[in-house]
Amino acid sequence: MRGPLFSERELGPQPRKIIEIPEIVWKGIVSIINRYCDNGYFAEYFPLKQCNGSRAEITGTNKEVLTYDLLSINPNIESIELDHPHVPDSYSILDLIEYCLTIISKPFYESEHEKYGPKHYIHFSKQAGIQEYTDSINFLFSRNRVAFCLNNDGKIERIEKPVIGETIKNAQFNTIDSELNELLERAREKFFNPNPVIRKESLEKLWDAWERIKSLENPSNKSDSTKRILDMTASGPFRELIENEALCLNKIGNNFIRLSI
């Protein structure tokens, strides 16, 4: 795993706010894919074979077949060559990154009894390939302040502002109501999705959670239930302040959230 470079050690990490993949980052991704291709990391799934006596041995990646596969899975990407001028949309690029992770494996060679001849791969490590590939992509994103990362599950995640992102990510939803816990968890999952349409849906789930909370004390009478909950929360001037905030939240939800979904 790559560590921080000099500027990051001296100045600290820079804010990662870029959500549209720029051309230079796309070129870097293409370079990573081609580098792993040339070094046999896609050879387990797209093998280039050479006959050795009575058996065929894997000697590298069949780049032509790999290219057809990548472009067919990602139709908005025209080429994975560095000199091609077209820069795909960010969603297609992020899809390509995720897909490549599913077909990558680190190759291991047989002993070099043919020192100057082609190397024959004897086995592959999926986990080692995934780790190296993930590190390469995340290092590229970090250096270019791109607000995405490739997580350990092979999924692209959006990087939020540290305080908000960590707070939401580390929250524990262990209320006495399982339906409320489920709504909050689904809101969190959608919030971290890189697709803005799905991120918007997190507001709907959060609003549903708020409506659920207001009914917990008295499911048959939401108004009475809300009053009981507010009474248990605070008293005096602070109680009035919280009620005003609850009314304001209701107004926001009724006037904006539902209409925007």
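Predicted model only: the values in this text are computed from it and were never measured.

Q: What is the right way to look at the overall build of the protein in this model?
A: When its secondary structure is counted, the protein shows 10 helices and 6 strands. In the protein, which comprises 261 residues, the proportion classed as buried is 38%. Of the contacts made within the protein by residues no fewer than 6 positions apart, 58% connect residues no fewer than 24 positions apart. In the form shown here, the protein has an accessible surface area of approximately 15900 Å², with 55% of it arising from carbon and sulfur atoms.

Q: What is the right way to read the packing of helix H7 (residues 178-191) against helix H8 (residues 196-214) from this model?
A: To characterise two packed helices, one gives the angle between the axes of the helices and the distance between these axes. Interhelical geometry of H7 versus H8 gives an angle of 160 degrees and a closest axis separation of 7 Å. Relative to H8, H7 is oriented roughly antiparallel. Classified by chirality, the crossing of H8 by H7 is left-handed. Two secondary-structure elements touch here, H7 through Glu179, Leu180, Leu183, Leu184, Arg186, Ala187, Lys190 and Phe191 and H8 through Ile198, Arg199, Glu201, Ser202, Lys205, Leu206, Asp208, Ala209, Arg212 and Ile213. Grouping the constituent residues of the contact of H7 with H8 by class yields 9 nonpolar, 1 polar and 8 charged.

Q: What's the story with H8 in this structure? I'm lost.
A: At 3.6 residues per turn, the α-helix brings residues three or four places apart onto the same side. The end-to-end C-alpha separation of H8 is 28 Å, in line with the 27 Å expected for 19 residues at 1.5 Å each. The complete set of buried residues in H8 reads Ser202, Lys205, Trp207, Asp208, Ala209, Trp210, Glu211 and Lys214.

Q: What exactly am I supposed to notice about the pattern of salt bridges here?
A: Counting across every chain of the model gives 12 salt bridges. Its salt-bridge partner being Lys63, residue Glu81 comes within 3.8 Å of it at the nearest N-O pair. Of this pair, Glu81 sits in the loop between helix H3 (63-73) and helix H4 (90-102) while Lys63 sits in helix H3; the two residues are 18 residues apart in sequence, bridging distant segments of the chain. Taking relative accessible area as the criterion, Lys63 reaches 27% and is therefore assigned partly exposed. Notably, a salt bridge pairs Lys222 with Glu211, separated by 2.6 Å at the nearest N-O pair. One end of the pair, Lys222, is in helix H9 (residues 222-233); the other, Glu211, is in helix H8, and 11 residues separate them in sequence. A single salt-bridge network, built from bridges that share partners, covers Lys227, Asp231, Arg239 and Glu243.

Q: Can you help me understand the side chain of Ser90 in this one?
A: By the secondary structure assignment, Ser90 is in helix H4. According to the relative accessible area criterion, Ser90 is buried, its value standing at 8%. Side-chain polar atoms of Ser90 contact the backbone nitrogen of Ile21, separated by 2.8 Å. Ser90 has contacts with Ile19, Glu20 and Ile21, leaving out every residue within four places of it along the chain.

Q: So what exactly am I meant to see when it comes to the packing of aromatic side chains here?
A: Ring pairs (aromatic) are described by centroid distance and by the angle formed between their planes. For the structure shown, the criterion picks out 2 aromatic pairs. Judged by centre distance (6.1 Å) and plane angle (65 degrees), the rings of Tyr36 and Tyr133 are edge-to-face. Here the residue Tyr36 occupies a position in helix H2 (residues 23-38), and Tyr133 occupies one in helix H5 (residues 126-143), the gap between them amounting to 97 residues. Of the two residues, Tyr36 and Tyr133, both sit in the buried class. Three or more aromatic residues link up through ring pairs in this structure, and these residues are Tyr36, Tyr41 and Tyr133. The positively charged end of Arg35 is found above the aromatic ring belonging to Tyr36, 5.2 Å away from the centroid.

Q: Could you clarify how one ought to interpret the nonpolar core in this entry?
A: Generally speaking, a soluble globular protein has its nonpolar side chains buried in company with each other. Core analysis: the biggest nonpolar cluster contains 33 residues, and Ile21, Ile29, Phe42, Ile97, Tyr133 and Phe141 have the highest contact counts within it. Ranked by residues supplied to this core, first place goes to H2 with 8 residues. Ignoring sequence-local partners within four residues, the contact set of Ile21 consists of Trp26, Ile29, Ser90, Ile93, Leu94, Phe141, Val146 and Phe148.

Q: What's the story with the environment of Asp83 in this structure? I'm lost.
A: You can see Asp83 is positioned in the loop between H3 and H4. A relative accessible area of 69% places Asp83 in the exposed class. Remark: the alpha-carbon pair of Asp83 and Lys27, spanning 56 residues in sequence, is separated by 8.9 Å.

Reading the values: the criteria
- Residues numbered from 1 in each chain as written.
- Predicted model: local features only at pLDDT ≥ 70, side-chain atom pairs only at ≥ 80, totals over all residues.
- Heavy atoms only, no water.
- Helix = DSSP H or I, 4+ residues; strand = E, 2+ residues; numbered from the N terminus.
- Buried < 20%, exposed > 50% of the residue type's maximum accessible area, 1.4 Å probe, protein only.
- Contact = heavy atoms within 4.5 Å.
- Areas by Shrake-Rupley, 256 points an atom, 1.4 Å probe, with all protein chains shown as cover.
- Axes fitted to C-alpha atoms, helices over the stretch in contact; angles between N-to-C directions.
- Parallel < 35°, antiparallel > 145°, perpendicular 65-115°, else oblique.
- Left-handed = near helix turned anticlockwise from the far one by under 90°.
- Nonpolar A, V, L, I, M, F, W, Y, C, P; charged D, E, K, R; others polar.
- Expected span 1.5 Å × (residues − 1).
- Salt bridge = Lys/Arg side-chain N within 4 Å of Asp/Glu carboxyl O.
- Polar contact = N/O pair within 3.5 Å; in protein donor to acceptor, adjacent residues only side chain to side chain.
- Phe/Tyr/Trp six-rings, centres within 6.5 Å; stacked < 30°, edge-to-face > 60°.
- Lys NZ or Arg CZ within 6 Å of the ring centre and 35° of its normal.
- Core = buried A, V, L, I, M, F, W, Y, C linked by side-chain atoms within 4.5 Å.

In short, shape yes, function no, at least from these values alone.
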